[in-house]
Amino acid sequence: SYSGTTKVGTITFKRNTAQRKYASFAIWELLDKTSPVYNLDTIRTSPDSDAKLILDGDVAIGLSEQSLIVINTTPRGFDIEFTGGSISTVAASRLTIRYKNTSIVVEEGTDFTLKEIEDGLVRLTVNDGKATVDNTSGITVVDANHTADIGLASVNVRETVFKKRYPGDSSVLVTGKETKSVRFGWLSDAKDTTLVISMTRDFSVPV
C-alpha cells in the first residue's frame, strides 16, 4: 500500500500493460483502470499498450506504447518530464513538458502531440493553440497547424500539411453495439490523400 504524496489524477483507460513507480520507490506495479495517480509518479506503457489519465483540472494525457513520463505538480500547473514514446493531450490548463535540455510550455486549450523520433530528437505537432519551446537554440513559438522538430540545440518549425480534425490523437471510441459510424475529418492541400485502417499498429494487416 502507499499513502505518500497527494493524489493528482486517475487512470481512465488502459489497454494491455501500464505500470507506475512511486517517487523514491524501486518497484513497478501494474495499473488498473480507475487507478489513482500521485504526485511524482512515474508512468510507463509496454509495447502494444496505451493508457489515458486525467489529471486535476481535466488535463487529459494519452500515452502511446513504450512511453514514459514523470508527473510533478507545481503552483503554476503540471510539470511533466517526458522520457520517450509519444504523448498527446488537449491541455485544459497551462502545462510544462521537459525533454532532456528542452522545456515546452503549452498554453491552455492547446491540442498537441509530442513524439520521440530518435534519441535527442522529438517532434511537436500543434493542432490548435500555441506552445513555446525553450532550449539552447533560444525561444521558439509553435502556433496552430505547425510542426516542430526539436533537437538538443535546434528547433525547426514548418506548417503542417495534413491537419487532423477528427478523431483526435489517441482517441478512444467505444460502443455498446457491434458497429459505430466514425466520420474522419482533415484539411490538406495535398492531392490523392488515402485513409488506411489496420488491425495492427504497424499497418501490416490493412482493413
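As shown above, the structure is provided for reference.
Within each chain, residues carry numbers counting from 1 in the order of the written sequence. With the structure being a predicted model, the display of local features is reserved for residues of pLDDT at least 70 and the display and counting of side-chain atom pairs for 80 or more, all residues being used for whole-chain, interface and lining totals. Think of the side-chain values as coming from all heavy atoms in the structure, minus any hydrogens and water.

Student: Please clarify how the overall build of the protein should be interpreted in this entry.
Tutor: Helix and strand counts for the protein come out as zero helices and 20 strands. Radius of gyration here is computed from C-alpha atoms only, and the compact-globule reference equals 2.2 Å multiplied by the residue count raised to the power 0.38. For the protein, whose C-alpha radius of gyration is 17 Å, the value lies close to the compact-globule estimate of 17 Å for 207 residues. Principal-axis analysis of the C-alpha atoms gives the protein an extent of 55 × 50 × 30 Å. Taking as baseline every contact in the protein between residues at least 6 positions apart, the subset at least 24 positions apart corresponds to 38%. Accessible surface, the protein as shown: approximately 11700 Å² in total, 50% of it carbon and sulfur. Charge assignment: positive for Lys and Arg, negative for Asp and Glu; neither His nor the chain ends contribute. To locate a charge, take atom NZ for lysine, CZ for arginine, CG for aspartate or CD for glutamate. Taken together, the 24 basic and 26 acidic charged side chains of the protein have centroids lying 3 Å from each other. Working definition: helices are DSSP H or I runs of at least four residues, strands are E runs of at least two. Numbering for both runs from the N terminus. Throughout, a residue-residue contact means that at least one pair of heavy atoms, one from each residue, lies within 4.5 Å. Surface accessibility in these figures is a Shrake-Rupley result with a 1.4 Å probe; residues are shielded only by whichever protein chains are displayed.

Student: Please explain the environment of Ser 154 as it appears in this structure.
Tutor: Structurally, Ser 154 can be placed in the loop between strand E17 (146-150) and strand E18 (155-159). Separated by 18 residues in the primary sequence, Ser 154 and Thr 136 place their C-alpha atoms 7.5 Å from one another. In this view, Ser 154 contacts Asn 135, Ser 137 and Asp 149; residues no more than four positions away in its chain are not counted.

Student: Where do I start with the packing of aromatic side chains in this structure?
Tutor: The geometry of an aromatic ring pair is captured by two quantities: the separation of the ring centres and the angle between the planes. Aromatic rings from Phe, Tyr and Trp, with only the six-membered ring used for Trp, were paired whenever their centres fell within 6.5 Å, and each pair was classed as stacked if the ring planes differed by under 30 degrees, edge-to-face if by over 60, and tilted otherwise. For the coordinates displayed, the defined rule picks out three aromatic pairs. With 5.9 Å between their ring centres and 45° between their planes, Phe 82 and Tyr 99 make a pair best called tilted. Of the two residues, Phe 82 sits in strand E9 (residues 77-84) while Tyr 99 sits in strand E11 (residues 95-99), which places them 17 residues apart along the sequence. In this scheme, a residue with accessible area under 20% of its type's maximum is buried, one over 50% is exposed, and one in between is partly exposed, where area comes from a 1.4 Å probe on protein chains only. On the basis of relative accessibility, which here comes to 2%, the residue Phe 82 falls in the buried class.

Student: So what exactly am I meant to see when it comes to the environment of Lys 14 here?
Tutor: Secondary-structure assignment places Lys 14 in strand E1 (residues 7-15). Exposure remark for Lys 14: the relative accessible area of 19% places this residue in the buried category. With 49 residues separating them in the primary sequence, Lys 14 and Leu 63 have C-alpha atoms 9.5 Å apart. Within polar-contact distance, the side chain of Lys 14 engages the backbone oxygen of Asn 16 at 2.6 Å. The term polar contact refers here to a pair of N or O atoms within 3.5 Å; inside protein, the definition further demands a hydrogen-donor-capable atom paired with an acceptor-capable atom, and it admits residues adjacent in sequence only when both atoms are side-chain atoms.

Student: Looking at this structure, I do not really get the pairing of strand E12 (residues 102-106). What am I missing?
Tutor: Remember that side chains alternate between the two faces of the sheet whenever the strand is regular. Counting buried positions over the five residues of E12 gives five, a clear majority of the element. Any two strands with at least two DSSP bridges between them are considered paired. Alignment of E11 against E12, held across five bridges, turns out to be antiparallel. By the bridge assignment for E12, Tyr 99 is matched with Thr 102. Connecting E11 to the antiparallel partner E12 that follows it, the hairpin turn spans two residues, and Lys 100 within it adopts a positive phi of roughly 50°. As paired strands, E12 and strand E15 (residues 130-135) are joined by four bridges and run antiparallel to one another. Opposite Ser 103, over in E15, you have Asp 134 as the bridge partner.

Student: Sorry, what's going on with a nonpolar patch on the surface here?
Tutor: Judged by side-chain polarity, Val 161, Phe 162, Tyr 166, Leu 173, Val 182, Phe 184, Trp 186, Leu 195, Ile 197, Met 199, Val 205 and Val 207 come together as a nonpolar surface patch covering roughly 1100 Å² of accessible area. With respect to the secondary-structure elements, Phe 162 resides in the loop between E18 and strand E19 (163-166). Exposure remark for Phe 162: the relative accessible area of 36% places this residue in the partly exposed category. Nonpolar side chains (Val, Leu, Ile, Met, Phe, Trp, Tyr) are joined into patches within 5 Å and like charges within 9 Å, using only residues with over 30% relative accessible area and no salt bridge. Salt bridge, as used here: a side-chain nitrogen of Lys or Arg that lies within 4 Å of a carboxyl oxygen of Asp or Glu.

So far we have only geometry, and geometry alone does not tell us how the molecule works.
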